[in-house]
Amino acid sequence: MAVARVTEIISGSPKGFKDAIEQGIDRANKTLKNVEGAWVKDQSIILDKGKIKEYRVMLKVTFVLDD
């Protein structure tokens with residue numbers, strides 16, 4: 001029987017939401033073992049003088065715990 005855990009991470013990118021998601025997943029894979037999936041919990045943007053400075057996503061990342 002497998003047991004999984006879910007953790008939240010926040011990732012940002014000046015390029016767009018897709019890039020923020022990809023960077024977040026890449027970083028999660030460097031730290032967590034057995035990453036099985038993720039979903040976007042929230043999206044936001046950071047503005048600077050009315051212009052988009054950064055796209056941010058809050059991800060819930062699921063990984064399977066070792067026995």
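Residues numbered from 1 in each chain as written. Predicted model: local features only at pLDDT ≥ 70, side-chain atom pairs only at ≥ 80, totals over all residues. Heavy atoms only, no water.

Section: the packing of aromatic side chains
- All chains considered together, the criterion is met by one aromatic pair.
- Taking 5.0 Å as the distance between ring centres and 75° as the angle between the ring planes, the aromatic pair formed by Phe17 and Tyr55 counts as edge-to-face. Of this pair, Phe17 sits in helix H1 (residues 17-31) while Tyr55 sits in strand S3 (residues 51-64), and the two are 38 residues apart along the sequence.
- We classify Phe17 as partly exposed; its relative accessible area is 26%. (Phe/Tyr/Trp six-rings, centres within 6.5 Å; stacked < 30°, edge-to-face > 60°. Helix = DSSP H or I, 4+ residues; strand = E, 2+ residues; numbered from the N terminus. Buried < 20%, exposed > 50% of the residue type's maximum accessible area, 1.4 Å probe, protein only.)

Some points on the environment of Ala28
- Looking at the secondary structure, you find Ala28 in helix H1.
- Given the relative accessible area of 5%, Ala28 is considered buried.
- A C-alpha to C-alpha distance of 16 Å links Ala28 and Asp66, two positions 38 residues apart in sequence.
- The residues touching Ala28, leaving out its near neighbours within four places in the chain, are Ile9, Val35 and Val61. (Contact = heavy atoms within 4.5 Å.)

Let's talk about the nonpolar core
- Listed in full, the seven residues of the largest apolar core are Ala20, Ala28, Leu32, Val57, Leu59, Val61 and Phe63.
- Of all elements in the fold, only H1 and S3 reach the threshold of two or more residues within this core.
- In terms of residues, this core owes the most to one element, S3, which gives four residues.
- Residues in contact with Val61, not counting those within four places in the same chain, are Arg5, Val6, Thr7, Ile9, Ala28, Leu32, Val35, Gly37 and Ala38. (Core = buried A, V, L, I, M, F, W, Y, C linked by side-chain atoms within 4.5 Å.)

Some thoughts on the sheet that holds S3
- Reading across from one edge, S1-S3-S2 is the order of the three strands in this open sheet, with antiparallel pairing throughout. Unpaired on one side and paired on the other, strand S1 (4-13) and strand S2 (35-48) mark the two borders of the sheet. In this sheet, neighbouring strand axes are inclined to one another by 15° on average, regardless of whether the strands run parallel or antiparallel.
- Of the strand pairs in this sheet, S2 and S3 are connected by twelve bridges, and their pairing is antiparallel. (Pairing = 2+ DSSP bridges. Axes fitted to C-alpha atoms, helices over the stretch in contact; angles between N-to-C directions.)

Focus on the pattern of salt bridges
- Counting across every chain of the model gives five salt bridges.
- A salt bridge links Lys33 to Asp66, with the shortest nitrogen-to-oxygen separation between them at 3.4 Å. With a gap of 33 residues between them, Lys33 in the loop between H1 and S2 and Asp66 in the segment after S3 connect regions that are remote in the sequence.
- The class of Lys33 is exposed, set by a relative accessible area of 58%.
- Bridged by salt links that share partners, the residues Glu8, Lys41 and Lys60 form one connected network. (Salt bridge = Lys/Arg side-chain N within 4 Å of Asp/Glu carboxyl O.)

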